[in-house]
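# Examination of the molecular architecture
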Amino acid sequence: MKPILKLTEIRKSFGAVRALKGVSFELLAGEVHALLGENGAGKSTLIKVITGAHLPDGGKLEVAGAEVSHLSPSKARELGIACIYQQPALFPDLSVAENIALRLKKTGIFSRVRWQQQRANAVELLQRIGAEISPDSEVRSLSMPEQQLVEIACALGSGAKIVIMDEPTASLTQKEQHLLFKVVRDLRASGVGVVYISHRLEEIFALADRVTVLRDGESVGTNAVDTLTESQMIKLMVGREVASIYPPCEGAPGKVVLSLKNLGCAASGVKGVTLDVRAGEIVGMAGLVGAGRTELARILFGITPADTGEIVLDGAKITISNPGEAIARGIAYVPEDRRRHGVILEMPIAQNMTMAIHPKLFPGSILRFKAESLLAANFIRDLGIKAYGPEAPGGSLSGGNQQKVSVARWLATEPKLLILDEPTQGVDVGAKSEIHKIIRGLAKDGLAVLMISSDLPEVLGMSDRIAVMRGGEMVGVIDKDQADAHSVMAAALGTNGKEVAI
Amino acid sequence: MPALVAAIGIALIIISRQIDISIGSQFSMCAIIAGVTAASGLPLGVSIIAAIGAGAMMGALNGVLVAYLKLPSIVVTLATMVTWQEALRLWQQGRLLSLPDGIQWFGLSQPVGQTVVISIAFILLIGAALAMKHLSAGRFIYAIGTDAEAARLAGIDPKRTTFGVFVLMGALAGLAAVLNLVQSPQVQPNCGDGLELKTIAAAVVGGVAISGGRGTLFGVLLGMLLLANVNPALTHFHQPPYWEKAIQGLVILLAVLADGLRSRKNQL
Amino acid sequence: MSFKSLLARHEAVLVFVILFEVILFQVLGRNFLTERNFSNVFRHSVEIGLLAVAMTPVILTGGIDLSVGSMMGLCAVLFGMMVNALGMDPWVAAALAVASGALGGGINATLITRLNLPPLIVTLGTFSLFRGLAEALTKGAESFSGFPASFLALGNSTVAGLPAQIWVFFAVAAGIWFLVHRTTFGRSFRAIGYAPEGARYAGIPVARNTGLAYVIAGAVAGLAAVILVARLGEARANAGIGYELLAITAVVLGGVSIFGGSGTVFGTFLGWIALAILNNGLTRISDFKIMDQTVASVARELSGLLTGLLLLTALAIGASIKTLAVRRARQQPIPLSKPDPATP
């Protein structure tokens, strides 16, 4: 059988970060092909290449046997490619029927909108997936799962030959999931090729015919699903040996610095988190994207303040309602999105480094340039930042050095607790191990470190204890000597009922 | 009535998440262009086409700068506002332009002419409302105002749509100027002053969200009627009419405030 | 090329433009380079200069304030009423006018920072509101005059060889220069302009500092109104009409990015001078005929048009530079970001 979609050696880089290093993938008509991989393995980038949202740097993309270059979102749609994104890309102010219609076919500017037909069409599609949603309601009034269902109806209605589903069940209820599975099987029966992305292995076993595993931007193999066991799949995803290049931990941890009891925030979906972090200890936080790790960090930093539970810092119960308060109490947060939150790219690195200590370094609000550049020069030396000087704009540095600037900003606040969110994402190997050394050094000096990371070897190699989150809840805390890739991944995925040692 | 025609345009601009404060100047410029062509003895049809064409061209300039150079529309239209205003001052030196008799009420009697003007405005309003509801173009405008990135993913070109809305705005300002022209025997080079505020106020009062994507043209009509009654109401309650501008400003602020509070509630 | 050298170049270009203007008008105009005219240039544009330097922090934060011209009208009328109707001492009234300006700026600040409303529409609303209040208070036509000579001296006398009000301008400009370039507030204006979320993540009090910029703009508009009244000897509701545009033009011309973040007070100062000389120089052109028409009358009218065109050109050039910068930035890694979870 000829594949309806064939990718050969697709490459895509974002600057220095190589997101896809030559991925090949093929999809047959009438199959459900699962795409599996850790966070950051390149799944999202691959999907965006298929839907035309990203142009690949190299490689070949063939749809129904014909090579396609310069794919755009509208061209992809004409070729019969539909995608259900994890985050619904719908128009909140428009009705459900209209959203479906806008996504279905490209219309001329002066063509008439056939409301009756549009509505009937929507009713039929929603019925086919068994969704009880009124076609006339505004999308903004729908819940997240309902929006997801609308997305699915869009894909279904477009008569697409290739349907991509990016974690479609992430927010669905049991009943909705069963309906979805039926839709996927119907699609397969009618000869549509489905690319199915999910972290829930049981779904993959239930639905998929074949599975391709991505790791670090490369495909590590395509297998028929029934030839693999769950544990083999996890092994394929995790793959790498945990190298012993991580700096060793020394000394016993000290007293408890941070203690969370039943902490939660309704707005960001974090509930009932209980955790202790001690001085001199690195607690790794593992979990899938959307498991609530960054959200927890944002609560601790006062960006989305907690509404339930308590935070105890150095034995005193505290509330944190904005970042300024968090900083004053000795909590530092190196955010995940370095370019938007971590470093202001247009500003010199010296100014970036002092940004969180304005009140301390500049009494009376008056800038002291000498003190500033002295401080910056010290950090540049201590952290080994490669830049032509304190006046170099943040944007002129490589990713790893930008990250060091971001870390320096927070070290300057002399915190008690340092929260790092994906500290080595998009950082090259050399800088990565330097950052690891810095983090371990800080812990050795008595800092309590909470490190969020989706890089499993990093979590395993760096942490003294590993806290795993799933669905906004803390599902387990694993000691270093009991943790391995399999147990952490299993806890994060929530597979098999096996309880994890706490 | 002419203000209603311009308000249709401004509503589309705001729905697409932009703003245009140059429409007063566009209006004046088109009025003078129509007046000058008419005064030089050309047929009325030529004046009308000249006014609408000039408006569309001025709109196109705004459109290029906003849609393709990605400049903030407030600053762009502020700059074009003063440019046209000053160009007009330079050209006309503030003179009143007397119009030939034939142009009054399209050369018809006053009652008939009045009916024609009112019907044009209403036909346009109904036509535009229908188009916003039943033509793809109208839905595109709502779509880009709601979420330009989602629109791009759905295969709509946000740049072209934004550009088109600005051109349409200019053309409507031109038409509004013509409708205004036929109502009086003279035309002043500052006849469009304040039109932008009046129409923006009407639109936001009529429920067009300043954050884009929401609002209907019938709401704009209601907003227009409401504001048109501010002055008569002030007179009725024996209040001086000088409060009009202040009330307009207050109304704009209250409308954005309401909109801001509503979207804040939606986020939670 | 670093940003600093780019800015330095921008300011160097402006100095060159100003020199070019001076030479051009000296050749074409009459009595251009005289001490008297020199004083005139500044006496007549001090108000715009004040608005421009005070607008600089606002634009650095990525915002805009369209209400400053209307604020001048309102403050002028309030000042006139306080002196004429209430018989207040003009200097006390002046201080109160400045305070009212700050209050008006506070209204803008509250709506923009506490309720998260877009600055352009908020200040468009107050643009109409303040002017409307001024007109309502004067019933459309009334004006106030008959101020004591000691007060009028602020607008018409000379101190140390320069118009009295220019010293006020220097003081304000120096103060704002200090605020922007030598304090943590200025630092935070830039950070907010470049990346409001990034500034928040660094613990900067974004709402408070952004609000401060609008309050300053309002207060300075009140001061500009007092100076205008002192120069004209008359307080009217139409004081400062269209000044917001001239101020924004000076700021943009001075190299301050309309998108926020980059720019200097000195740049704004040069932008203002270039604008002021252009407007004055055009009125000096005479004895110069094209096709039997004296250019003089045309030139005088040309200044407003040129202001608009100048702003458009400066904007378009600024946007092209930004496009280039974006293109350069694309060469750099972009993180595979995930959507923000529930930003309140």
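Residues numbered from 1 in each chain as written. Chains lettered and ligands numbered in written order. Predicted model: local features only at pLDDT ≥ 70, side-chain atom pairs only at ≥ 80, totals over all residues.

### A look at the overall build of chain B
- For chain B, the helix and strand inventory stands at 12 helices and 2 strands.
- From first element to last, N terminus to C terminus, chain B shows the α and β order α-α-α-α-β-α-α-α-α-β-α-α-α-α.
- On C-alpha atoms alone, chain B measures out to a radius of gyration of 19 Å, which is about the 18 Å that the 2.2 N^0.38 rule sets for 268 residues.
- In terms of overall dimensions, chain B has C-alpha extents of about 60 × 45 × 35 Å along its principal axes.
- Of the contacts made within chain B by residues no fewer than 6 positions apart, 76% connect residues no fewer than 24 positions apart. (Helix = DSSP H or I, 4+ residues; strand = E, 2+ residues; numbered from the N terminus. Rg over C-alpha atoms; globule rule 2.2 N^0.38 Å. Contact = placed C-beta atoms within 7 Å.)

### A few points about the overall build of chain C
- On a plain count of helices and strands, chain C comes out with 14 helices and 6 strands.
- Each of the 344 residues in chain C was classed as buried or not, and the buried ones make up 56%.
- Taking the contacts inside chain C whose residues are at least 6 apart along the sequence as the reference set, 77% of them involve residues at least 24 apart. (Buried ≥ 20, exposed ≤ 12 C-beta atoms within 10 Å, placed from the backbone.)

### Digging into the pairing of strand S3 (residues 32-36) of chain A
Residues and elements named next belong to chain A.
- Among the 5 residues that make up S3, 5 are buried, leaving the element largely enclosed by the rest of the structure.
- Burial along S3 is two-sided: the face carrying Val32, Ala34 and Leu36 and the face carrying His33 and Leu35 are both buried.
- Looking at chain direction, S3 and strand S8 (residues 193-197) are connected through 4 bridges and run parallel. From the neighbouring strand, Val32 faces S8, where its bridge partner is Val194.
- Across 4 bridges, S3 lies against strand S9 (residues 210-215) in parallel orientation. Counterpart to Leu36 in the pairing with S9 is Val213. (Pairing = 2+ DSSP bridges.)

### Some details on the sheet that holds strand S20 (residues 473-479) of chain A
Residue and element names in this part refer to chain A.
- Taken in spatial order, the 6 strands make up an open sheet running S16-S17-S18-S13-S19-S20, and their pairing is mixed. Where the open sheet ends on each side, the last strands, each with one partner, are strand S16 (331-334) and S20. Neighbour-to-neighbour, the strand axes of this sheet turn through a mean angle of 20°, independent of strand direction.
- The sheet contact formed by strand S19 (residues 465-470) and S20 spans 6 bridges and is antiparallel. (Axes fitted to C-alpha atoms, helices over the stretch in contact; angles between N-to-C directions.)

### Notes on helix H4 (residues 73-92) of chain B
All names here are of chain B.
- For H4, which comprises 20 residues, the first-to-last C-alpha distance of 28 Å matches the rise-based estimate of 28 Å (1.5 Å per residue) to within 8%.
- Counting buried positions along H4 gives 15 out of 20 residues, so the element sits mostly inside the fold.
- In the stretch just after H4, Gln93 is the one whose phi turns positive, near 50°. (Expected span 1.5 Å × (residues − 1).)

### Comments concerning the interface of chain A and chain B
- Counting residues at the interface gives 23 residues for chain A and 18 residues for chain B.
- Those elements that provide at least two residues to the side of chain A that touches chain B are helix H2 (73-78) and helix H3 (96-104) of chain A.
- The class makeup of the residues in the side of chain A that touches chain B is 12 nonpolar, 4 polar and 7 charged. (Nonpolar A, V, L, I, M, F, W, Y, C, P; charged D, E, K, R; others polar.)

### Thoughts on the confidence of the model for chain C
Residue and element names in this part refer to chain C.
- Per-chain confidence: chain C averages 84 in pLDDT, with 85% of residues scoring 70 or above.
- Contacts from residues 329-344, a stretch scored under 50 in pLDDT, to residues over four places away or in other chains number 34 contacts.
- In the model output, the complex is listed with pTM 0.81 alongside ipTM 0.82. (pLDDT = per-residue confidence, 0-100.)

### As for the environment of Thr37(B)
Residues and elements named next belong to chain B.
- Position of Thr37 relative to the elements: it lies in helix H2 (residues 23-39).
- Through-space distance from the C-alpha of Thr37 to that of Ser16 is 34 Å; in sequence the pair is 21 residues apart.
- If we ignore the near neighbours within four places in the chain, the residues touching Thr37 are Leu42, Val46, Ser47 and Ala50.

### Overview of the packing of helix H1 (residues 2-15) of chain B against helix H8 (residues 158-181) of chain B
Residues and elements named next belong to chain B.
- Axis separation between H1 and H8 bottoms out at 8 Å; the angle between their running directions is 175°. In terms of orientation, H1 lies roughly antiparallel with respect to H8. Together, Pro2, Val5, Ala6, Ile8, Gly9, Ile10, Leu12 and Ile13 of H1 and Val165, Leu168, Met169, Leu172, Ala173, Leu175, Ala176, Leu179 and Asn180 of H8 make up the contact between the two elements.
- When grouped by side-chain class, the residues that make up the contact of H1 with H8 number 15 nonpolar, 2 polar and no charged. (Parallel < 35°, antiparallel > 145°, perpendicular 65-115°, else oblique.)

### Brief notes about the sheet that holds strand S12 (residues 270-278) of chain A
Residue and element names in this part refer to chain A.
- Taken together, the 4 strands give an open sheet; going across it, the order is S12-S11-S14-S15, and neighbouring strands pair in antiparallel fashion. Here the strands that pair on one side only, and so sit at the sheet edges, are S12 and strand S15 (316-318). With direction set aside, neighbouring strand axes in the sheet form an average angle of 20°.
- In this structure, strand S11 (residues 256-265) lies alongside strand S14 (residues 308-313), joined through 5 bridges in antiparallel fashion. Across the sheet, Leu260 pairs through a bridge with Ile311, a residue of S14.

### A look at the interface of chain B and chain C
- Contact with chain B, which involves 35 residues of that partner, is made by 36 residues of chain C.
- When residues of the side of chain B that touches chain C are traced back to their parent elements, those giving at least two are H4 and helix H12 (244-267) of chain B.
- Classifying every residue of the side of chain B that touches chain C by side-chain character gives 25 nonpolar, 5 polar and 5 charged.

### Examining the pairing of strand S4 (residues 58-63) of chain A
Residues and elements named next belong to chain A.
- The pairing of strand S1 (residues 3-14) with S4 spans 5 bridges and is classified as antiparallel. By the bridge assignment, Lys6 is partnered in S4 with Glu62.
- As defined by bridge partners, S4 adjoins strand S5 (residues 66-67) across 2 bridges and the pair is classed as antiparallel. Looking at S5, one finds that Glu62 is bridged to Glu67.

### Some words on helix H3 (residues 46-60) of chain C
Residues and elements named next belong to chain C.
- Given a rise of 1.5 Å per residue, 15 residues ought to cover 21 Å, and the 21 Å separating the end C-alpha atoms of H3 matches this to within 8%.
- Along H3, the sharpest kink reaches roughly 25°, centred on Ala54 and followed within four residues by the proline Pro57.
- Here H3 lies mainly inside the structure; 15 of its 15 residues are buried.
- Following H3 by one or two positions, Gly62 has its phi on the positive side, about 85°. (Bend = angle between axes of the 7 residues up to and from the residue.)

### Quick look at the packing of helix H9 (residues 195-205) of chain B against helix H10 (residues 217-228) of chain B
All names here are of chain B.
- H10 packs onto H9 with a crossing angle of 120° between their chain directions and a minimal axis gap of 7 Å. The orientation of H9 relative to H10 falls into the category oblique. Handedness of the crossing formed by H9 with H10: right-handed. Here Lys198, Ala201, Ala202, Ala203 and Val205 of H9 lie close against H10, whose contacting residues are Val220, Gly223, Met224, Leu226 and Leu227.
- Considered class by class, the residues forming the contact of H9 with H10 number 8 nonpolar, 1 polar and 1 charged. (Left-handed = near helix turned anticlockwise from the far one by under 90°.)

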